[in-house]
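As a plain string of letters, each chain reads:
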Amino acid sequence: MTGTLYTADHRMFRLPPLLSWRVTHTGGVPCDSFTVTFVYQKEMAPALALAAGFAAEEKGEVMLRAVVDEYTVNLDGGGLTATVSGRGYAARLLDNESRPVTYESATLGEILRNHAEPYGVRCEEAADLRAESVYTVAAGTSQWKAVESFCRTYGGFSPRFSREGALLAGPERPGRTLSIGEGDPVLSCSLREDHYGVLTEALVIDKTRNKTSSVKNQEMIDKGGQCRRVIYTPGQSTWAAMRYTGEYQIQRSKEDAWLAEVTLPGSFPAFPGDRVALSLERMGLSGTFRVAEVESRFDSRNGAAATLTLKPVSV
């Protein structure tokens, strides 16, 4: 993999060969991220001091465009090196707060114009959504949350970012399918199921209109779980919005309840949204799963490897 820095004064600086690197793809929040380490020379100081953007490329294809958060220069037994790290373009929306605003019958296009585009975020895909009622962005809400909540409430999906840094504000379409079986070079595999924090009931209360909506997670109730949350919504909440809020809270609580991690040799074998057809009978693992996160990494001692975090397709 190769790396390029882009400075605040619009210059491009190609990094020397990378001694080690790590690129994590999530597509959303938490952000995509990267860390790269290379041999340092004092002539690099001006470029590092003004580094604002980063691009990772593999065989001529962009693997990630990101913002630079930090750099360090280190002198130790391994010589003089520099390390640069940062996050994907979702950081541009996470790091900026919205002022309070109330919309009447807002469209997704209007939300994007006000909460994404002013921060240098290019939208490559936008669903045709319109609010069924008043949509309120509270004080202290991040620009990301303003966009995501609108998409979740009126479209039932969470927006994502492409590897090129474009916002995809539409339902996720399944990517390619990667097959992993007993005969493949799996370096490691782990399975985890955690019921802690998984809601059995979300009780949504609109105090202004004196309405309540209870949404239950029967699957977790059948497993003996007991975990209720009470959520208060602002006034003028519609019944659909209240029920969505309850379903959303339950769905979010289930996101990390089940996951498998598979580590393979090589880098960038898949990306978030892809599918993995898994057949590891020794672990009792079989079926098709969604790729939620991929961490690709390299160092001179261990070579290249990638860890895929898999979740059920419905999550």
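Below is a summary of the structure that appears in this document. Quick caveat: nothing in here was measured; it's all calculated off a predicted structure.

In terms of regular secondary structure, the protein chain is built from six helices and 21 strands. In the protein chain, buried positions account for 46% of the 315 residues. If you take every contact in the protein chain between residues at least 6 apart in sequence, the share linking residues at least 24 apart comes to 64%. Here the protein chain displays about 16,000 Å² of accessible surface, and carbon together with sulfur accounts for 48% of that area. Measuring between centres, the 35 positive side-chain charges of the protein chain sit 3 Å from its 38 negative side-chain charges.

In this section: helix 3 (residues 108–115). The set of residues buried in helix 3 consists of Leu-108, Ile-111, Leu-112 and His-115. Around the axis of helix 3, the buried residues are gathered within 95 degrees of arc, so they sit on the same side. Elements in contact with the buried residues of helix 3: helix 2 (90–94), strand 8 (101–104), strand 9 (123–126), strand 10 (134–137), helix 4 (143–155) and strand 12 (167–169).

Below, the discussion takes up the nonpolar core. With 27 residues, the main nonpolar core has Leu-108, Ile-111, Leu-112, Tyr-135, Phe-150, Phe-161 and Leu-167 as its most contacted residues. Where this core is concerned, the elements lending two or more residues are helix 2, helix 3, strand 10, helix 4 and strand 12. With six residues, helix 4 is the largest single contributor of residues to this core. With residues up to four places along the chain from it excluded, the contact list for Leu-108 reads Ala-126, Ala-127, Leu-129, Phe-150, Cys-151 and Ala-169. If you look at the next biggest cluster of nonpolar residues, it comprises 23 residues, including Phe-34, Val-36, Ala-51 and Ala-82.

Now for the sheet that holds strand 11 (residues 160–161). Adjacent strands of a sheet pair through backbone hydrogen bonds, lying either parallel or antiparallel. A sheet is described by the order of its strands in space; here three strands give the open sequence 9-12-11, paired in mixed fashion. One side of each edge strand has no neighbouring strand; the edge strands of this open sheet are strand 9 and strand 11. Alignment of strand 9 against strand 12, held across three bridges, turns out to be parallel. Residue pairing in the sheet places Glu-125 in a bridge with Leu-168 of strand 12.

What counts and what doesn't
- Residues numbered from 1 in each chain as written.
- Predicted model: local features only at pLDDT ≥ 70, side-chain atom pairs only at ≥ 80, totals over all residues.
- Heavy atoms only, no water.
- Helix = DSSP H or I, 4+ residues; strand = E, 2+ residues; numbered from the N terminus.
- Buried < 20%, exposed > 50% of the residue type's maximum accessible area, 1.4 Å probe, protein only.
- Contact = heavy atoms within 4.5 Å.
- Areas by Shrake-Rupley, 256 points an atom, 1.4 Å probe, with all protein chains shown as cover.
- Lys, Arg positive; Asp, Glu negative; His and termini not counted.
- Charge placed at Lys NZ, Arg CZ, Asp CG, Glu CD.
- Arc of directions from axis to C-beta.
- Core = buried A, V, L, I, M, F, W, Y, C linked by side-chain atoms within 4.5 Å.
- Pairing = 2+ DSSP bridges.

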